[in-house]
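Summary of structural features
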Amino acid sequence: MKKFADVILPLPLHSCFTYSLPDEWADEVQTGCRVVVPFGRKKYYTAIVRNVHYYAPTEYEVKEVSALLDARPLLLPRQFKFWEWLSDYYLCTQGDVYKAALPSGLKLESETIVEYNPDFESDVRLPEKEQRILDMLSADPEQCVTKLEKETGIKNILSVIKSLLDKEAIFVKEELRRTYKPKTETRVRLTAAARNEHRLHIFFDELQRRAPKQLDLLMKYLELSGYLGGRDLKEVSKAELLRRTSATPAVFNGLVDRGVFEVYQQEIGRIDKALLKDIVPVNPLNEHQQRAYHSILESFQSKNVCLLHGVTASGKTEVYIHLIEETIRQGKQVLYLLPEIALTTQITERLQRVFGSRLGIYHSKFPDAERVEIWQKQLSEADYDIILGVRSSVFLPFRNLGLVIVDEEHENTYKQQDPAPRYHARNAAIVLASMYGAKTLLGTATPSVETWNNATSGKYGLVELKERYKEIQLPEIIPVDIKELHRKKMMNGPFSPLLLRYVREALEQKEQVILFQNRRGFAPMIECNTCGWVPKCKNCDVSLTYHKGLNQLTCHYCGYTYQLPRVCPACEGTDLRNRGFGTEKIEDDIKALFPDARVARMDLDTTRTRTAYEHIISDFQQGKTDILIGTQMVSKGLDFDHVSIVGILNADTMLNYPDFRAYERAFQLMAQVAGRAGRKNKRGRVILQTKSIDHPIIPQVIANDYEAMVGGQLAERQMFHYPPYYRLVYVYLKNRNETLLDLMAQTMAAKLRTVFGRRVLGPDKPPVARIQTLFIRKIVLKIETNAPMARARELLVQVQKEMVAEDRFKSLIVYYDVDPM
Ligand SMILES: Nc1ncnc2c1ncn2[C@@H]1O[C@H](COP(=O)(O)OP(=O)(O)OP(=O)(O)O)[C@@H](O)[C@H]1O
Ligand SMILES: [Zn+2]
């Protein structure tokens, strides 16, 4: 009987598509395998088999699957369940989830650009088709799959490409250029002659008399390889051998010349670097941490989720490490989520020291080939016990997940903004964990209002850790009224005299300083001092940011760059001025004031690559830099020993942000960045510069009074119908034609009102009402948290269908942001 497969395509389609399977290998196709399928005119995609069956579809003509890419499933059954939940809850398609979930190397399509690996050498002859593709790529090293297909005339080219990818003869092109590190190392072994016991003894005698250093080296090799124990030989790298004996390469070469040693190249897995480091035991917990640890385990007896609310530097990470150890002791896996790549560097180090090669790291700054390798490893018997990663690691396969840790759970970077799926990784992780019967621990010094509400209402467990490790006091926070200082002309650019005094003192005492400004670039704005003209992006409804290093204006929404005009295009005036200041300007100013200080800056512009993060953080950690300037990136989770002063340059940009979460976020940011000061040794100091000295949040930050902040916020949220009492869904409408869009938005809002009544607000223009030439309108839906959400989603989708069914609204683009941040 003819077999069929329903497949998920990497496209925003609302359902699966069905293809027929060729009889020859129909039986090899399993749920979770990838197949290549034709779609539309002449396009091919990698699709994922959702299920295999015997029902021929009747509504459309069935096409045939062109190739099978996997002998074993790439996705486990629970992952499909997770994908379904995501697409349902976040109102997007499974195709959207698929695109977000898999690394590029696993989802080839016609538009994929592949590139030639110049380091590739093959020991065997490649199949003719593969060689033909390689030849074309060596002439022109970057080409799109469609073009290769056309020019080589190879049918089913995706399977050939896949085979080349598996061999690493080619790569999927990434935006980030990888610096390709060879994966081989030089190893050493005894020559066949020396492996003869008798000969070896002759060598011993000879060396003892003539070359005692060579003998030492040989003995070390025999020890390291386990040769004398008669066990299986361990491979020994040349580098390690030399390091362990501090012998010179000349001594080593002597043994090679004598015919005792021979060297060979061995491929090493890129991701097993940790193996080489020594493992140390976990730190014992102090009394407070111990108590927290036991309370967490106790809370897991009755609840699936627990919040660990511990002040900054209380040692939450140490508590996690103990929980991880306990979980893997039970033979289960751990997923450890972090909000930001910047943080992974430090935590990786801390975890690697304890867990070595049982730890896998997964994030987007890793080369795609490495991510593919980790994915495959997770499906094997040799999977990692612990995965440390940012939000996309919730998509990895786990065979036996036991614990999820969401560190800095309050961070809004857990929420994906664009494109769909616009999921919140913390919430998704809780759902993922429950599908495995696993537990979730949320940790932070400043819980999100939602989580706090869940923890105090009894839905989650709540464990508090109020003491800093070694009982060092939380930093002293000194507010400075910069409005007053500006009036008195006492400010030195963005710095108050008090801040400068403390910075100077810290530098004199060889201590370090962090300066926090929540804005990158040089100046947030350029303005014509004559007529008030401000340069704006031609695609988006925003003013441009000036980057001095590049001498360019940049749109932070679409990335478009402009030359800085010499005269104002409106009035031809030449007095163009900077308004406000970003991190780049602060760096400039501080360097001018402290020419001898070593200054580094950490923001989106200075951390485009993985190594850039590592350098900035490790330099600061090792005291190679004195002052670190940064955006919110420096605020969270970083652990430095010698920071005595933290400067918050301008609290007002955070407070004046038009959003119901502004107050909550401002508190979190300030408390977190303050928490970087005085973590070890002695109490730190924070200079909080603000123009709104009377704002009620200022005393709350100074007293680190989280509960006062959250109490006030909860009351407000309830009164004005916001989360956690109401669920928000933003409905976005986009179109190139503004007048038409307004009509669409009015019509859709009216339809929604007939269904949802007064729960519908708008349509309105969002703060940025045009992005990449598309105009945008927003409709807000506020639904009671206890209302049936599934029904609400159905109704929403139905209204959308009615809309696009109308001919005049065909060009409407609609998407949703559920639980927007
Ligand atoms: N039990 C312990 N033994 C040894 N060192 C510890 C212990 N507890 C904490 N520390 C050290 O104290 C410092 C702060 O701890 P940690 O980074 O875990 O705090 P945290 O609560 O995660 O802070 P934050 O919320 O700011 O991220 C670290 O350098 C850590 O190594
Ligand atoms: Zn733009």
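In the annotation of an unreviewed UniProt entry, the protein is listed under the name Replication restart protein PriA and assigned to Bacteroides muris. Under the UniProt heading Function (unreviewed entry), the note attached to the protein is "Initiates the restart of stalled replication forks, which reloads the replicative helicase on sites other than the origin of replication. Recognizes and binds to abandoned replication forks and remodels them to uncover a helicase loading site. Promotes assembly of the primosome at these replication forks."

So, on to helix α24 (residues 738–756). The end-to-end C-alpha separation of α24 is 26 Å, in line with the 27 Å expected for 19 residues at 1.5 Å each. Those residues of α24 that sit buried are Leu741, Met744, Ala745, Thr747, Met748, Ala749, Leu752 and Phe756. Looking at the buried side of α24, the elements it contacts are β30 (726–735), β31 (760–764), β33 (774–784), α25 (789–805) and β34 (813–818). The distance from a side-chain oxygen at the start of α24 to the backbone nitrogen of Thr739 is 3.0 Å, and the residue carrying that oxygen is Asn737. Positive phi appears at Gly757, one or two residues downstream of α24, with a value of about 60 degrees.

The environment of ligand 1 is made up of 21 residues, and the closest members are Gln289, Lys316, Thr317, Asp639 and Arg679. Separating an oxygen atom of ligand 1 from a backbone N or O atom of Gly315 is a distance of 3.0 Å. A distance of 3.3 Å separates an oxygen atom of ligand 1 from a polar atom in the side chain of Glu318. For ligand 1, whose accessible area on its own is 630 Å², the fraction buried by protein is 92%. A per-element tally of the shell around ligand 1 places helix α11 (residues 316–329) first, with 3 residues. Along the lines of polarity and charge, the residues of the shell around ligand 1 split into 5 nonpolar, 8 polar and 8 charged.

This paragraph deals with the pattern of salt bridges. Scanning all chains against the criterion turns up 44 salt bridges. Between Asp385 and Arg358 there is a salt bridge, and its shortest N-O distance comes to 2.8 Å. Taken together, the positions of Asp385 in the loop between α13 (368–379) and β15 (386–389) and Arg358 in the loop between α12 (341–355) and β14 (359–362) put the pair 27 residues apart, joining distant regions of the chain. Its relative accessible area of 22% is what places Asp385 among the partly exposed residues. You can call Arg358 partly exposed: its relative accessible area is 39%.

A few words on the sheet that holds strand β20 (residues 512–516). The strands that make up a sheet pair up through hydrogen bonds in the backbone, lying either parallel or antiparallel. Strand order in this open sheet of 6 strands is β19-β29-β28-β20-β27-β26, and the pairing throughout is parallel. The open sheet has two free edges, formed respectively by β19 (476–481) and β26 (599–602), since each of these has just one partner strand. Here the average twist between neighbouring strands, direction ignored, is 20 degrees. The sheet contact formed by β19 and strand β29 (residues 685–690) spans 6 bridges and is parallel. Paired with Ile478 across the two strands is Ile687, which belongs to β29.

Moving on, we get to the nonpolar core. Of all hydrophobic cores here, the largest spans 152 residues; its most connected members are Trp83 and Met748. Looking at which element gives the most residues to this core, the answer is helix α14 (residues 425–436), with 9 residues. Excluding residues within four positions of it along the chain, Met748 makes contact with Val731, Leu733, Ile779, Val799, Gln800, Met803, Val814 and Tyr816. Ranked by size, the runner-up nonpolar core spans 25 residues in total, among them Leu500, Ala506, Phe594 and Val599.

Moving on: the sheet that holds strand β24 (residues 561–563). Ordered in space as β22-β23-β24, the 3 strands form an open sheet in which the pairing is antiparallel. Two strands bound the open sheet, and with one partner strand each, they are β22 (545–547) and β24. Across the sheet, the axes of successive neighbouring strands diverge by a mean angle of 35 degrees, strand direction being ignored. Judged from the 3 bridges that link them, strand β23 (residues 552–554) and β24 form a sheet pairing that is antiparallel. Pairing of Thr554 across the sheet is with Thr561, part of β24.

Within the secondary structure, Tyr221 sits in helix α7 (residues 212–225). When the C-alpha atoms of Tyr221 and Leu190 are compared, they prove to be 9.1 Å apart, with 31 residues separating the residues in sequence. Contact partners of Tyr221, with chain neighbours within four places excluded, come to Val188, Arg189, Leu190, Val236, Leu241 and Phe261.

The next point concerns α11. For α11, which comprises 14 residues, the first-to-last C-alpha distance of 20 Å matches the rise-based estimate of 20 Å (1.5 Å per residue) to within 8%. Of all 14 residues in α11, 11 are buried, a share of seventy percent or more. Within the span of α11, buried status applies to Lys316, Thr317, Glu318, Val319, Tyr320, Ile321, His322, Leu323, Ile324, Thr327 and Ile328.

The linkage connecting Asp418 with the following residue, Pro419, adopts the cis geometry, with an omega of -10 degrees. With respect to the helices and strands, the residue Pro419 is situated in the loop between β16 (401–407) and α14. Backbone torsion omega between Gly762 and Pro763 reads 10 degrees, so that peptide bond is classified as cis. Along the polypeptide, Pro763 turns up in strand β31. Although it is not a glycine, Asn704 adopts a positive phi angle of roughly 50 degrees. For Asn704, the location among the structural elements is in the loop between α22 (697–702) and α23 (706–719). Notably, Thr773 is not glycine yet its phi reads approximately 65 degrees, a positive angle.

We now examine the environment of Thr747. Within the element layout of this structure, Thr747 appears in helix α24. According to the relative accessible area criterion, Thr747 is buried, its value standing at 18%. In sequence terms Thr747 and Met803 are 56 residues apart; their C-alpha atoms lie 8.2 Å from each other. Here Thr747 is in contact with Met803 and Phe809, once residues within four sequence places are set aside. Only 2.6 Å separates the side chain of Thr747 from the backbone oxygen of Leu743, close enough to count as a polar contact.

Moving on: the packing of helix α6 (residues 197–210) against α7. Relative to each other, α6 and α7 sit at 140 degrees, their axes nearing to 6 Å. When the axes of α6 and α7 are compared, the pair comes out oblique. Contacts from Leu200, Phe204, Leu207, Gln208 and Arg210 of α6 reach α7 at Pro212, Gln214, Leu215, Leu218, Met219 and Leu222.

Take the side chain of Lys415 next. One can find Lys415 in the loop between β16 and α14. Overall, Lys415 belongs to the buried group, its relative accessible area being 2%. Within the local environment of Lys415, its side chain forms a polar contact with the side chain of Asp817, the two groups lying 2.7 Å apart. Setting aside chain neighbours within four positions, we find Lys415 in contact with Tyr90, Arg391, Arg422, Tyr423, His424, Asp817, Val818, Asp819, Pro820 and Met821.

Moving on: the UniProt feature "binding site: Zn(2+) 2" (unreviewed entry) in the protein. UniProt records the feature "binding site: Zn(2+) 2" (unreviewed entry) at Cys537, Cys540, Cys555 and Cys558, using the numbering of this structure. Following the sequence through the fold, Cys540 ends up in the loop between β21 (525–528) and β22. As for its position among the elements, Cys555 is in the loop between β23 and β24. If we skip the residues at most four places from it in the chain, Cys555 touches Cys537, Cys540, Val542, Leu544 and Tyr560.

Reading the values: rules and limits
- Per chain, residues are indexed from 1 in the order of the written sequence.
- To label them, take the chains in the order written and letter them from A, then take the ligands in the order written and number them from 1.
- Thresholds applied to this predicted model are a pLDDT of at least 70 for local features of residues and 80 or more for the giving and counting of side-chain atom pairs; totals over whole chains, interfaces and linings are not thresholded and use all residues.
- Side-chain calculation: all heavy atoms of the structure are included, whereas hydrogens and water are not.
- UniProt positions are given in the numbering used here, feature names are shortened, and annotations may be inferred rather than shown by experiment.
- By definition, any uninterrupted DSSP run of H or I lasting at least four residues is a helix, any uninterrupted run of E lasting at least two residues is a strand, and each is numbered from the N terminus.
- What a helix should span is 1.5 Å times the count of its residues minus one.
- Three labels apply to residues, based on accessible area from a 1.4 Å probe with only protein chains included: buried if under 20% of the type maximum, exposed if over 50%, partly exposed otherwise in between.
- Throughout, a contact is declared for two residues whenever any of their heavy atoms are within 4.5 Å.
- For this analysis, a polar contact is any N or O atom pair within 3.5 Å, provided that within protein one partner can donate a hydrogen and the other can accept it, and provided that sequence-adjacent residues contribute only side-chain to side-chain pairs.
- Residue proximity to a molecule or strand is established when one non-hydrogen atom of the residue lies within 4 Å of it.
- Note on areas: Shrake-Rupley with a 1.4 Å probe; residue coverage comes only from the protein chains shown.
- Residues are sorted three ways: Asp, Glu, Lys and Arg are charged, Ala, Val, Leu, Ile, Met, Phe, Trp, Tyr, Cys and Pro are nonpolar, and all the rest, Gly among them, are polar.
- The working definition used for a salt bridge is a side-chain nitrogen of Lys or Arg within 4 Å of a carboxyl oxygen of Asp or Glu.
- Strand pairing is defined by DSSP finding a minimum of two bridges between the two strands.
- All axes are obtained by fitting lines to C-alpha atoms, using only the stretch in contact for helices, and the reported angles, taken between N-to-C directions, cover 0 to 180 degrees.
- Nonpolar core, defined: a set of buried Ala, Val, Leu, Ile, Met, Phe, Trp, Tyr and Cys residues in which side-chain atoms within 4.5 Å join the residues together.
- Working definition: roughly parallel below 35 degrees, roughly antiparallel above 145 degrees, roughly perpendicular at 65 to 115 degrees, and oblique for all remaining angles.

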